[in-house]
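Secondary and tertiary structure notes
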Amino acid sequence: MHLEQTQQRIRNLMSFFVTEIKAATAMDKTDINKVSENVLIPLFAEIYGFENLKNLNFTEGSNFPGIDLGDETAKVAFQITATPNINKIKHTLNKFIEYELYKKYDRLIIYVLLEKQNSYSNKEINKIIQGKLNFNPKQDILDYRDVLKAINQFQI
């Protein structure tokens, strides 16, 4: 019974988090997007094991190009965005390639604060990455539903 209550609490908190972002975005208040970067660090560390995840916008500069979070040990980088469309995905990938971040990070995960699209064009993505990065939209573009699925597998 304790497991079910804990999972329900996590669902409620994640629902509240996503709803807050939707409401703020509707009012053109984007500060919550920046705050979300820090909120997600311990969550991603716990769920995915990225223990050395850092907010690069604080450690490397006020607006690090192409990515927001990075774990140099796990060689994974995150872009945190409320924009789920292919243009944002392409922009992120272009910056990742332009700044040769693939030399430091083997994996790029784009986390959509709201809801990701049902699918993304592999053709457009492959044209950008040109084999310099293994990027699979089904595995590397995540949203709260993916986080909740991962949490559901935990034995709390």
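Residues numbered from 1 in each chain as written. Predicted model: local features only at pLDDT ≥ 70, side-chain atom pairs only at ≥ 80, totals over all residues. Heavy atoms only, no water.

**Concerning the nonpolar core**
General note: in soluble globular proteins, nonpolar side chains tend to be found buried as a group. Of all hydrophobic cores here, the largest spans 24 residues; its most connected members are Phe 44, Phe 78, Ile 80, Tyr 111 and Leu 113. Among residues more than four places away in sequence, those in contact with Ile 80 are Glu 37, Leu 40, Phe 44, Asp 68, Leu 69, Tyr 111 and Leu 113. With 22 residues, the next largest nonpolar core counts Phe 64, Ile 86, Leu 101 and Leu 133 among its residues. (Core = buried A, V, L, I, M, F, W, Y, C linked by side-chain atoms within 4.5 Å. Buried < 20%, exposed > 50% of the residue type's maximum accessible area, 1.4 Å probe, protein only. Contact = heavy atoms within 4.5 Å.)

**Side note on helix α4 (residues 86–98)**
Relative to the 18 Å expected for 13 residues at 1.5 Å per residue, α4 spans 18 Å between its end C-alpha atoms, a close match to the ideal helical length. The complete set of buried residues in α4 reads Ile 86, Ile 89, Thr 92, Leu 93, Phe 96 and Ile 97. For α4, the angular spread of buried residues about the axis comes to 130°, placing them on one side. For α4, exposure combined with an orientation more than 90 degrees from the buried face picks out Asn 87 and Glu 98. Summarising the contacts, the buried residues of α4 are in contact with β3 (76–81), β4 (107–112), α5 (122–129) and β5 (141–142). Among the residues of α4, the N-terminal cap falls to Asn 85, whose side-chain oxygen and the backbone nitrogen of Asn 87 are separated by 3.1 Å. Phi turns positive one or two residues past the end of α4, at Glu 100, with a value near 50°. (Helix = DSSP H or I, 4+ residues; strand = E, 2+ residues; numbered from the N terminus. Expected span 1.5 Å × (residues − 1). Arc of directions from axis to C-beta. Polar contact = N/O pair within 3.5 Å; in protein donor to acceptor, adjacent residues only side chain to side chain.)

**What about the packing of aromatic side chains?**
Tallied over the full model, the rule gives five aromatic pairs. When the ring of Phe 50 is compared with that of Phe 78, the centres are 5.9 Å apart and the planes differ by 70°; the resulting orientation is edge-to-face. Of the two residues, Phe 50 is situated in the loop between α2 (31–48) and β1 (54–55) and Phe 78 in strand β3; the sequence distance between them amounts to 28 residues. Both residues of the pair, Phe 50 and Phe 78, belong to the buried class. Between the NZ or CZ atom of Arg 145 and the centre of the ring of Tyr 144, over which it lies, the distance is 5.9 Å. (Phe/Tyr/Trp six-rings, centres within 6.5 Å; stacked < 30°, edge-to-face > 60°. Lys NZ or Arg CZ within 6 Å of the ring centre and 35° of its normal.)

**Examining α2**
Compared with an ideal rise of 1.5 Å per residue, which puts 18 residues at 26 Å, α2 spans 26 Å between its outermost C-alpha atoms and is within 8% of the ideal. Along α2, the sharpest kink reaches roughly 35°, centred on Leu 40 and followed within four residues by the proline Pro 42. Restricting attention to buried positions, one finds in α2 the residues Asn 33, Ser 36, Glu 37, Leu 40, Ile 41, Phe 44, Ala 45 and Ile 47. (Bend = angle between axes of the 7 residues up to and from the residue.)

**Some words on the packing of α4 against α5**
As a packed pair, α4 and α5 sit with axes 9 Å apart at the nearest point and diverge in direction by 15°. The orientation of α4 with respect to α5, classified from their angle, is roughly parallel. Where α4 crosses over α5, the two elements pack in a sense that is right-handed. In contact with Ile 86, Ile 89, Lys 90, Leu 93, Asn 94 and Ile 97 of α4, α5 contributes Glu 124, Ile 125, Ile 128 and Ile 129. The residue inventory of the contact of α4 with α5, partitioned by class, reads seven nonpolar, one polar and two charged. (Axes fitted to C-alpha atoms, helices over the stretch in contact; angles between N-to-C directions. Parallel < 35°, antiparallel > 145°, perpendicular 65-115°, else oblique. Left-handed = near helix turned anticlockwise from the far one by under 90°. Nonpolar A, V, L, I, M, F, W, Y, C, P; charged D, E, K, R; others polar.)

**Quick notes on the sheet that holds β3**
Strand order in this open sheet of five strands is β1-β2-β3-β4-β5, and the pairing throughout is mixed. Strands at the two margins of the open sheet, each flanked by one partner only, are β1 and β5. (Pairing = 2+ DSSP bridges.)

**Details of the environment of Ile 86**
Position of Ile 86 among the secondary structure elements: in helix α4. Residue class for Ile 86 comes out buried when judged on its relative accessible area of 18%. Considering only alpha carbons, one finds Ile 86 and Tyr 120, 34 residues apart in sequence, at a separation of 6.5 Å. Sequence-distant contacts of Ile 86, defined by excluding residues within four places in its chain, comprise Gln 117, Tyr 120, Ser 121, Glu 124 and Ile 125.

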